[in-house]
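# A look at the structure
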Amino acid sequence: MELETLVTLTTGITLLTCVLAVVGVHTYAKGKAQRAALVDRLTSAGQIPVTGRRRHFRNLDRRLRRTNLGRKLELRLVATGLDITPGEFFAAMLAVVAGLWLIGQATLAPFFGPLAGLLGIWAAVQFLNWQRQQRIEKFINQLPELSRILANATHAGLALRTAIGMAAEELEAPAGEELAKVANQLAVGATMDDALGEMADRLPSRELVVLVTTLVLSNRAGGQVVSALRNLTETLEERKETRREVRTQLSQVNMTSYAVPVLGVGSLFLMNGVKDGALDRMTGSPVGQGAVIIAFALYAVGFILIRRLSRIDV
């Protein structure tokens, strides 16, 4: 009797385990299918890039995206057009900071290790700003052609949504990529105002704001979009030439702004090369450390002032 009870209990537990295993496999397959569908929707909406590259530092990226710093970094990376996640960029920045810290500590003095690490963080931020500005400049240079394509498409009787999709196919990056995101957002139900407004937020510039305002007002009020776009094309061409001339005139000033801090850092290597251990003795006292910090602060102020004085908004 006890043997029959044991067999029955074992059989019941086995059946229950099989049922739970089937339910678990079904739940896993259903969740995987839902995740794939979500990725497809986000990809079609242009919110995540379509790349086959394997992502690294996924746990770090997942934790970083939950913070305000991670979300801001993600928006900045999207604006730069780089195929890199916030976790990958943060890990690369930490590696650069550690490398500069060790180099500064080994070649100059232990006091310069933290300063070199801060320099690495500043360089990473400046790299993102430079990459974003380069993408904005490329987009501005494509605006006259973009305006011309939209004017021709609307003059042929096409709707503005169709004209944006056509321009996305004909133009190269970054204009083609940005317009593709706008077209995908319009395809999933976003309004013209929201889609174009997000593009203007990603790549802020006066020229793009004027183009977006023209398109939004024409789409909302039903005005003469063809004549407005053709007049805007001529204006953008003139502004493009003006910006090129101003950038050429200020190229020497921009090089001077970078040369000033480079000369300051180079003087440290020269001083340490002339007399070995001079920087160790100089930074061995609080007075010497304060003098070094003040010198670096003055170089930073000089760099910022030269950049501000040479900035001309066209």
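So, a few notes on the structure that sits alongside this text. Keep in mind that what you see is a predicted model, and the values were worked out from it rather than measured.

Looking now at the pattern of salt bridges. If you walk through the whole model with that rule in mind, you get six salt bridges. Put simply, R135 and E177 hold a salt bridge, and the shortest N to O gap is 3.3 Å. Of this pair, R135 sits in helix α5 (residues 112-155) while E177 is found in helix α7 (residues 175-187), placing the two residues 42 residues apart along the sequence. Its relative accessible area of 8% is what places R135 among the buried residues. Of the residues examined, E177 reaches a relative accessible area of 40% and is grouped as partly exposed. The residue R148 makes a salt bridge to E145 at a minimum N-O spacing of 2.7 Å. Here the residue R148 and the residue E145 both occupy positions in helix α5, the gap between them amounting to three residues, near one helical turn. Note on R148: relative accessible area 30%, which makes it partly exposed. Put simply, R135, E177, E178 and R202 are held in one network by salt bridges that share partners.

Tracing the chain through its elements places L196 in helix α8 (residues 192-202). Exposure remark for L196: the relative accessible area of 1% places this residue in the buried category. Considered as a pair, L196 and T213 are 17 residues apart in the sequence and their alpha carbons are 8.9 Å apart. Beyond its immediate chain neighbours, meaning those up to four positions away, L196 contacts I164, V182, V212, L215 and V216.

Parameters at a glance
- Residues numbered from 1 in each chain as written.
- Predicted model: local features only at pLDDT ≥ 70, side-chain atom pairs only at ≥ 80, totals over all residues.
- Heavy atoms only, no water.
- Salt bridge = Lys/Arg side-chain N within 4 Å of Asp/Glu carboxyl O.
- Helix = DSSP H or I, 4+ residues; strand = E, 2+ residues; numbered from the N terminus.
- Buried < 20%, exposed > 50% of the residue type's maximum accessible area, 1.4 Å probe, protein only.
- Contact = heavy atoms within 4.5 Å.

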